[in-house]
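The residues making up each chain are set out below.
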Amino acid sequence: MSFSHNPVMLETSINNLNIIKDGTYVDCTFGRGGHSKNILERIGKNGKLIAIDKDNEAEDFAKENFNDDSRFIFEKNNFSNIVNIVEKHNGKNKVNGILLDLGVSSPQLDNPERGFSFMKEGPLDMRMDTSSKMTALLWLKEADLKDISRVLKIYGEEKYSYRIARAIKKSIEKDSLQTTIDLSKVISECYPKSISSKINPATRSFQAIRIYINKELQELEKILDDCLQIIEIGGRLVVISFHSLEDRIVKNFINKHSLGKEVISKLPITNLSQNLNLKKIKVPLKASDNEIDENIRSRSAKIRVAEKI
Ligand SMILES: C[S@@+](CC[C@H](N)C(=O)[O-])C[C@H]1O[C@@H](n2cnc3c(N)ncnc32)[C@H](O)[C@@H]1O
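Every value quoted in this text rests on a predicted model; they were computed, and no experiment measured them.

**Q** It is not clear to me how the packing of helix α4 (residues 82-90) against helix α11 (residues 216-230) should be interpreted in this structure. Could you clarify?
**A** In helix packing, the relevant descriptors are the interaxial angle and the interaxial distance, both defined with respect to the helix axes. With their axes 9 Å apart at the nearest point, α4 and α11 run at an angle of 35 degrees to one another. Between α4, through Ile82, Val83 and Val86, and α11, the contact on the second element is made entirely by Ile223, Asp226, Gln229 and Ile230. Its residues assigned to classes, the contact of α4 with α11 shows five nonpolar, one polar and one charged.

**Q** Explain the site of the ligand here, please?
**A** Around the ligand, the surrounding shell holds 22 residues, and the nearest of these are Pro7, Thr29, Gly31, Gly34 and Glu219. Where the shell around the ligand is concerned, the elements lending two or more residues are α2 (34-42) and β2 (48-53).

**Q** Just to check I follow, could you spell out helix α3 (residues 56-66) for this structure?
**A** Quick reminder: α-helices carry 3.6 residues per turn. Residues three or four places apart thus point the same way. When α3 is considered as a whole, its buried residues turn out to be Ala58, Phe61 and Ala62. Looking straight down α3, one finds that the buried residues subtend no more than 100 degrees of arc, so they occupy a single side. Opposite its buried face, α3 presents the exposed residues Asp60, Lys63 and Glu64, each directed more than 90 degrees away. Those residues of α3 that are buried are in contact with β2 and β3 (72-76).

**Q** What should I look at first to understand the nonpolar core in this one?
**A** The tendency in soluble globular proteins is for nonpolar side chains to be buried as a group. With 48 residues, the main nonpolar core has Val26, Cys28, Ala51 and Ile98 as its most contacted residues. Setting aside its immediate chain neighbours within four residues, Val26 contacts Ile50, Ile52, Ile82, Val86, Val95 and Ile98.

**Q** Please clarify how the domain arrangement of the protein chain should be interpreted in this entry.
**A** Domain parsing of the protein chain yields domain 1 (10-107 + 216-308) and domain 2 (130-213). In this assembly, five residues from domain 1 lie in contact with four residues from domain 2. Tallied by class, residues from the side of domain 1 that touches domain 2 come to two nonpolar, two polar and one charged.

Basis of the calculations
- Residues numbered from 1 in each chain as written.
- Predicted model: local features only at pLDDT ≥ 70, side-chain atom pairs only at ≥ 80, totals over all residues.
- Axes fitted to C-alpha atoms, helices over the stretch in contact; angles between N-to-C directions.
- Helix = DSSP H or I, 4+ residues; strand = E, 2+ residues; numbered from the N terminus.
- Contact = placed C-beta atoms within 7 Å.
- Nonpolar A, V, L, I, M, F, W, Y, C, P; charged D, E, K, R; others polar.
- Near = placed C-beta within 6 Å.
- Buried ≥ 20, exposed ≤ 12 C-beta atoms within 10 Å, placed from the backbone.
- Arc of directions from axis to C-beta.
- Core = buried A, V, L, I, M, F, W, Y, C linked by C-beta atoms within 7 Å.
- Domains from an automatic or database assignment.

Next comes the structure, spelled out in structure tokens:
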């Protein structure tokens, strides 16, 4: 079965990479290559694109559809290994732009076998990298109640985190938790009947477990720091995120490296002496209404851009 992905904020993100023809770019989240394809259309014959994804199916797709292009290199890896990956393919040379389109792809979400969706029956998997050992079910079995509750609260901002964690543990003891739909039912039953909400009660917990088992926020924090080492001066970092925890990390990172501490007048502290290394580039934070009408995934997307100085 094949599942497609409609790239989010495509024009805004690639325009803001400020592509130069002979430049080297890194697409850290290849998915089904929507952004990669657009970068390849804009670089010249001496340009280079290094694409990364930790998903086996993304790798297969890249091999089948992009391998004829000699300017394209694919690495199945965690993007937090970007420094080594760039060194392998670009030596000590820096890159001219880095793109991150975070979260899961539509093919991951739409294929029930991957276990990301609470709407479709499938194994409780949720691994982006299926060669890693820790599935969602294995973690729920191994973790204790407090850990599960903490993950649901921190990564899902779930108000009934403790109640849900307790119900999950009970269901595991009875051996009745195997599939996404089993988990979705356990979560729904923890919500008071009087609460009616537009979003499915399982949304937050599924998001939290997925973020936790794929180490999504740790990966993001590491790559942001590493980007500073490998982007050329004038090169751009473009990040599209899909929930507030990710966006906060990106926003704080850019602020930290572009604003510095408040400079007190009359003291000899200048922006230069504060070692600032990014300039914040102002772009419309969210997708246009037209794009949201055409691609519902773009509804929660936020984009942030910074330039190395
Ligand atoms: C939103 S999709 C990207 C879609 C892509 N821009 C496109 O147009 O098809 C995110 C992709 O990033 C991958 N991914 C997420 N976190 C990753 C990480 N830490 N390391 C490598 N790949 C990651 C996922 O497997 C997924 O395929």
